[in-house]
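# Residue-level structural notes
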Amino acid sequence: MEAPVVGESGGEYFTREVERRAGSPLRIKQCSKGDVGCVVWDAAIVLSKYLETEQFVEHNTGVYKWVNKRVLELGSGTGVVGLMAATLGACVTVTDLEDLQSLMEVNIKENQHLVTGSIQAKVLKWGEDGSEFLPSPDYILMADCIYYEQSLDPLVTTLRELASAETCIICCYEQRTMGNNPQVEQLFFELLRRDFAVAEIPLEKQDEEYRSEDIRILHIVRRER
């Protein structure tokens with residue numbers, strides 16, 4: 001096991017490798033202390049690997065459809081999902097709260113040599129003005145962003161502001177049955193379906209190894225007015 005490294009905040013970093021279909025793995029630093037955004041959650045791995053599946057490959061050329069696509073990740077945490085998209089050619093902005101910026105920057109620097117598109121980290125607090133992220137991206141990515149009831153309305157508000165009719169939101173989350181998690185999930189979809197249509201991606205279209213019946217992947221698009 002790799003020895004821990006002391007981070008800027010005084011906490012320790014532990015590295016997790018995330019395999020890619022081609023080339024060296026991503027090396028993602030996690031914090032030994034901190035909030036939920038400081039570690040790589042299973043849903044982030046499942047979503048990262050989903051981005052590499054055949055449906056995102058141009059069959060005539062073998063080139064990933066992510067090339068030159070504008071991608072915004074919400075609640076990025078370690079930045080692993082956005083980094084995977086950037087290695088596939090996307091132009092990515094990973095976002096989270098101020099206290100997670102240094103962790104995202106560390107992981108961007110650690111994996112910059114694998115990036116074939118581009119990637120930058122910025123602060124975005126859900127529910128607040130997001131106009132600097134307009135015009136709307138081609139994709140919005142979210143992994144395990146459905147867990148705090150008080151964050152649901154701000155999250156959906158941000159999605160309404162930043163997603164156009166052409167934007168595909170890809171949301172991946174782990175279904176949890178403990179506590180009030182089922183109620184939080186239900187409330188999220190009640191809020192979301194007022195403006196968006198939701199389609200679940202079946203397991204057979206996900207990565208063969210990195211998938212789980214407890215982890216759902218959704219494609220979300222604006223409803224036609």
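Quick look at the structure, then. (Residues numbered from 1 in each chain as written. Predicted model: local features only at pLDDT ≥ 70, side-chain atom pairs only at ≥ 80, totals over all residues. Heavy atoms only, no water.)

### Thoughts on the overall build of the protein chain
Quick reminder of the rule: In this description a helix means any DSSP run of H or I spanning at least four residues, a strand means any run of E spanning at least two, and both kinds are numbered starting from the N terminus. Partly exposed describes any residue whose relative accessible area lies between the buried limit of under 20% and the exposed limit of over 50%, with all areas from a 1.4 Å probe on protein chains only and scaled to the type maximum. Throughout, the Shrake-Rupley method with a 1.4 Å probe supplies accessible areas, and for residues the shown protein chains are the sole cover considered. Counting rule applied: Lys, Arg positive; Asp, Glu negative; His and chain ends not counted. Every charge is mapped onto a representative atom, which is NZ of Lys, CZ of Arg, CG of Asp or CD of Glu.
Secondary structure summary: the protein chain contains five helices and 10 strands in total. Based on the C-alpha atoms only, the size of the protein chain along its principal axes is roughly 50 × 45 × 35 Å. When the 225 residues of the protein chain are sorted by exposure, 48% land in the buried category. For the protein chain, the computed accessible surface area is about 11,200 Å², with 47% contributed by carbon and sulfur atoms. Once the 23 positive and 37 negative side-chain charges of the protein chain are each reduced to a mean point, those two points are 3 Å apart.

### With respect to the nonpolar core
Across soluble globular proteins, you tend to see nonpolar side chains buried next to one another. The line we're drawing: Put simply, buried Ala, Val, Leu, Ile, Met, Phe, Trp, Tyr and Cys residues joined by side-chain atoms within 4.5 Å make one nonpolar core.
Among the nonpolar cores identified, the biggest contains 39 residues, and L47, L51, W66, L141 and I170 are the most heavily contacted of them. Listed in part, the 26 residues of the second largest apolar core include F188, L191, L192 and F196.

### Section: the packing of aromatic side chains
Here is the rule we go by: Stacked, tilted and edge-to-face are the three classes applied to pairs of Phe, Tyr and Trp rings, where Trp contributes its six-membered ring and a pair requires centres within 6.5 Å; stacked means planes under 30 degrees apart, edge-to-face means over 60, and tilted covers the rest.
In total, this model carries six aromatic pairs according to the counting rule given. For the pair W66 and Y139, a centre-to-centre distance of 4.5 Å together with 50° between the ring planes defines the contact as tilted. Here the residue W66 occupies a position in the loop between helix 1 (42-50) and strand 4 (70-74), and Y139 occupies one in strand 7 (residues 139-143), the gap between them amounting to 73 residues. You can call W66 buried: its relative accessible area is 1%. Y139 sits in the buried class, given a relative accessible area of 15%. Between the aromatic rings of F188 and F189, the centroid separation amounts to 5.2 Å while the plane-to-plane angle is 70°, which identifies the pairing as edge-to-face.

### Some points on helix 5 (residues 181-192)
What sets the pattern is the α-helix's 3.6 residues per turn: residues three or four places apart point alike. Quick note on the threshold: Multiplying 1.5 Å by the helix residue count minus one yields the expected span of that helix. The arc in question is the one traced by the directions running from the helix axis out to the C-beta atoms. By the convention used here, residues are in contact when the closest approach between their heavy atoms is within 4.5 Å.
Under the 1.5 Å per step criterion, the end-to-end length of helix 5 is 16 Å for 12 residues, consistent within 8% with the ideal 16 Å. Among the residues of helix 5, those classed as buried are V184, E185, F188, F189, L191 and L192. Mapping the buried residues of helix 5 onto a view down its axis gives an arc of 160°, with all of them on the same face. Tucked inside the fold, the buried residues of helix 5 contact strand 7, helix 4 (149-162), strand 8 (168-174), strand 9 (196-200) and strand 10 (215-222).

### Thoughts on the environment of I146
You can see I146 is positioned in the loop between strand 7 and helix 4. Sequence spacing of I146 and E174 is 28 residues, and the spatial spacing of their C-alpha atoms is 8.8 Å. If we ignore the near neighbours within four places in the chain, the residues touching I146 are L152, C171, Y173, V184, E185 and F188.

### Thoughts on the pattern of salt bridges
Put simply, the rule reads: Take a side-chain nitrogen of Lys or Arg and a carboxyl oxygen of Asp or Glu: if they are within 4 Å of each other, that pair is a salt bridge.
Enumeration over the complete set of coordinates arrives at 13 salt bridges. Close ionic contact of R176 with D144 constitutes a salt bridge, the shortest N to O distance being 3.0 Å. A residue pair is termed long-range when its members are at least 10 positions apart, and R176 in the loop between strand 8 and helix 5 and D144 in the loop between strand 7 and helix 4 qualify at 32 residues. Look at D144 and you get buried, because its relative accessible area is 8%. Across the pair E174 and R176 runs a salt bridge, and its minimum N-O distance is 3.6 Å.

### Concerning the sheet that holds strand 5 (residues 91-96)
Let me state the cut-off plainly: Here, any two strands with at least 2 DSSP bridges between them count as paired. Lines fitted to the C-alpha atoms define the axes, with helices restricted to the stretch that makes contact. Angles between their N-to-C directions range from 0 to 180 degrees.
Taken together, seven strands build an open sheet; the order of strands is 6-5-4-7-8-10-9 and the sheet is mixed. With partners counted over all chains shown, the strands left at the sheet margins are strand 6 (118-123) and strand 9, one partner each. On average, each strand axis in the sheet is inclined to that of its neighbour by 20°, with strand direction left out of account. Across six bridges, the pairing between strand 5 and strand 6 is parallel. Residue pairing across strands places C91 opposite S118, the latter belonging to strand 6. Sitting on the sheet, helix 3 (residues 101-111) is in contact with strand 5 and strand 6, with an inclination near 170° to strand 6.

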